[in-house]
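# Topology and contacts: notes
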Amino acid sequence: MKILSIETSCDETALAILDASGNEKGFKFKVNNTALYSQIEKHKEYGGVFPSLAKREHALNLIPLLTEITVVNGNGVEISEETKKELTEMLDREPDLLKAFLEYIPKISKPDIDMIAVTTGPGLEPALWVGINFARALSLVWQTPIMPVNHMEGHIASVMVEAEEISPEIQDIAFPAIALLISGGHTQLVKIDSWGKYEIIGSTRDDAVGEAFDKTARLLGLPYPGGPEISKLAQEARNMGLVPSIEFPRPMINSGDLNFSFSGLKTSVLYTVKKIGELDENMKKEIALEFENAATDVLVTKTKKAIEDSNAQTLIVGGGVIANRFIRENLTTMTDSLGIQILLPSRDLSTDNAIMIGIAGFIKSFREKPAMGANLKAIGNLSL
Ligand code: KG4
Ligand code: ZN
């Protein structure tokens, strides 16, 4: 099955074309083409993702990205007056996208695809709608059904990719598996009994761990997104042999359940920063180091408990925060000590991308047929 996938849930606009085959017992796929535009630079001045800017950027960039992964040779489908009317209604909230769509679709040779996979949530609703309406418009002109995809199932699926190639050795996932999903919006432990059977067994009561990284970075005067910045400072501190003179809490580490809380950790950083006043470079490094240590301790402890409670055979970790080297290493040490398999996405597929959405769409096709997409809706808080 050939799949065109679309991701616009946050601040990355991404498309991919994959070729997948197999079933829930074993599958493989190949990434034929992919294009991604990161809006991070545009959002930096706001210190976070600005939803209406994200929406506008998605609308401006989807067609240029589509032309990168398709053949633009003037042999596209002709758009009839009737279809044009339908498209105008469909994309009435995205005039830039409509204009580019009507101009370019007749020039783009229809790719050989059987399904369009699109993220419908969770995420920023205005941003999600752009991708959804784009998928519906393509579905109409190319007569291709749509599979709505949960972004978090995408992060789970991201571990299936190795360097954009077929990764047959990963087909045999031993279930039950635990997925730790750590991003800017989520911190969740999910029990997976088989593909599509997801049970959320733990989640954050307040901030997501990525959000805590981002807020801590802001308190240290570092740019958005803060995760990579904190991680860099913490690594420098370790290389220098710095020992933190401050101590942050490990919230809920002994709560006996699988839930998380990160807002207290952020508040501790805030108090420390206020108390010290002027932060020199070494102090910033110490704070970053102790913050990363605290966040990692909690993540590792809770994940270990989840694995033990469920007798899991595999740990899957997805979401932007798993780009973090220190967290990767510590989770790997933990799973090694338990003697179970760990699957991590490559660092560039840890953050949002369309490849993971295509794979998640394929996995979902084992349990649900794609449809023409009239009823698609953006659901900001969509749950697994
Ligand atoms: O999955 P993602 O790209 O978007 C969401 O779905 O939220 O995750 C983005 C989050 C941000 O909070 C960012 O700071 C964090 O992932 N992140 C990191 C690192 N790289 C990205 N956090 C810690 N260490 C990193 N190296
Ligand atoms: Zn994400």
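Residues numbered from 1 in each chain as written. Chains lettered and ligands numbered in written order. Predicted model: local features only at pLDDT ≥ 70, side-chain atom pairs only at ≥ 80, totals over all residues. Heavy atoms only, no water.

Moving on: the site of ligand 1. The full set close to ligand 1 counts 19 residues, and Gly184, Asp214, Gly227, Gly320 and Asp352 are the nearest of them. Within the side chain of His155, one N or O atom sits 3.1 Å away from an oxygen atom of ligand 1. At 3.0 Å, a backbone N or O of Gly227 approaches an oxygen atom of ligand 1. Relative to its free-state accessible area of 550 Å², ligand 1 is covered by the protein chains to the extent of 91%. Contributions of two or more residues to the shell around ligand 1 are made by helix H6 (151–157), helix H7 (209–219) and helix H8 (226–239). (Near = heavy atom within 4 Å. Polar contact = N/O pair within 3.5 Å; in protein donor to acceptor, adjacent residues only side chain to side chain. Areas by Shrake-Rupley, 256 points an atom, 1.4 Å probe, with all protein chains shown as cover. Helix = DSSP H or I, 4+ residues; strand = E, 2+ residues; numbered from the N terminus.)

Our next topic: the coordination of the zinc ion (ligand 2). For the zinc ion (ligand 2), the full set of protein donor atoms is His151 (NE2), His155 (NE2) and Asp352 (OD), and the range of their distances to it is 2.0 to 2.1 Å. The sequence pattern formed by the donor residues of the zinc ion (ligand 2) is H-x3-H-x196-D. Here His155 is found in helix H6, whereas its partner Asp352 is found in the loop between strand S12 (341–343) and helix H12 (355–364), with 197 residues between them in sequence. One exposure class covers both His155 and Asp352, and it is buried. (Donors = N, O, S within 2.8 Å, 3.2 Å for Na, K, Ca; no water. Buried < 20%, exposed > 50% of the residue type's maximum accessible area, 1.4 Å probe, protein only.)

Before going further, it helps to spend a moment on the packing of helix H3 (residues 81–90) against helix H4 (residues 95–104). Close contact between H3 and H4 brings their axes to 9 Å; oriented N to C, the two are set at 155°. The angle between the axes of H3 and H4 places the two elements in the roughly antiparallel class. Both H3 and H4 take part in a crossing whose hand is right-handed. Within the contact between the two elements, H3 uses Lys84, Leu87 and Thr88 and H4 uses Leu98, Phe101 and Leu102. The residue makeup of the contact of H3 with H4, split by class, is 4 nonpolar, 1 polar and 1 charged. (Axes fitted to C-alpha atoms, helices over the stretch in contact; angles between N-to-C directions. Parallel < 35°, antiparallel > 145°, perpendicular 65-115°, else oblique. Left-handed = near helix turned anticlockwise from the far one by under 90°. Contact = heavy atoms within 4.5 Å. Nonpolar A, V, L, I, M, F, W, Y, C, P; charged D, E, K, R; others polar.)

Turning to the environment of Thr204, a few remarks are in order. Tracing the chain through its elements places Thr204 in the loop between strand S10 (197–203) and H7. Taking C-alpha positions, Thr204 is 9.4 Å from Leu189, a pair spaced 15 residues apart along the chain. With sequence-adjacent residues up to four places away left out, Thr204 is seen in contact with Thr187, Phe260, Ser261 and Phe262. Of the polar contacts made by the side chain of Thr204, one reaches the backbone oxygen of Asp207; its length is 2.6 Å. Within the structure, Thr204 has its side chain in polar contact with the backbone oxygen of Phe260 (distance 3.5 Å).

Sheet strands pair via backbone hydrogen bonds, and the direction of the pair is either parallel or antiparallel. With respect to topology, 5 strands assemble into an open sheet ordered S10-S9-S8-S11-S12, the strand pairing being mixed. Strand pairing shows two members of the sheet lacking a second neighbour, S10 and S12, which therefore form its edges. Geometrically, the sheet is characterised by an average inter-axis angle of 20° between neighbouring strands, direction not taken into account. Looking at chain direction, strand S8 (residues 177–182) and strand S9 (residues 187–194) are connected through 6 bridges and run antiparallel. Bridged to Leu180 within S9 is Leu189. (Pairing = 2+ DSSP bridges.)

Time to look at the pairing of strand S11 (residues 314–318). In terms of residue burial, S11 counts as a mostly covered element, since 5 of its 5 residues are buried. Taking every second residue as pointing to the same face, both faces of S11 are buried, with Thr314, Ile316 and Gly318 on one and Leu315 and Val317 on the other. Two strands pair when backbone bridges link them, and S8 and S11 are joined in this way by 5 bridges, in the parallel orientation. By the bridge assignment for S11, Ala179 is matched with Ile316.

Okay, the nonpolar core next. One broad rule of soluble globular proteins: the nonpolar side chains tend to lie buried together. Core analysis: the biggest nonpolar cluster contains 44 residues, and Leu180, Ile182, Phe262, Ile287, Leu315 and Leu331 have the highest contact counts within it. Taken together, the elements giving at least two residues each to this core come down to S8, H7, H8, helix H9 (263–276), helix H10 (281–310), S11 and helix H11 (325–338). Residues within four places of Ile287 in sequence aside, it is in contact with Leu220, Ile246, Phe248, Val269, Thr272, Val273 and Leu279. (Core = buried A, V, L, I, M, F, W, Y, C linked by side-chain atoms within 4.5 Å.)

Before going further, it helps to examine the sheet that holds strand S7 (residues 146–150). The 5 strands are arranged S3-S2-S1-S6-S7 in an open sheet whose pairing can be described as mixed. The strands lining the two open edges of the sheet, one partner per strand, are strand S3 (26–38) and S7. On average, adjacent strands in this sheet sit at an angle of 25° to one another, irrespective of strand direction. When strand S1 (residues 2–7) meets strand S6 (residues 115–121), the two strands line up parallel, connected through 4 bridges. Of the residues in S6, the one forming a bridge with Ile3 is Met115.

As a further point, take the side chain of Thr13. Along the chain, the position of Thr13 falls in strand S2 (residues 12–23). Polar side-chain contacts of Thr13 include one of 3.4 Å to the side chain of Gln39. Engagement of the side chain of Thr13 in a polar contact is seen with the side chain of His58, the distance being 2.8 Å. Among residues more than four places away in sequence, those in contact with Thr13 are Glu7, Thr8, Ala35, Leu36, Tyr37, Gln39, Glu57, His58, Asn61, Leu62 and Leu65.

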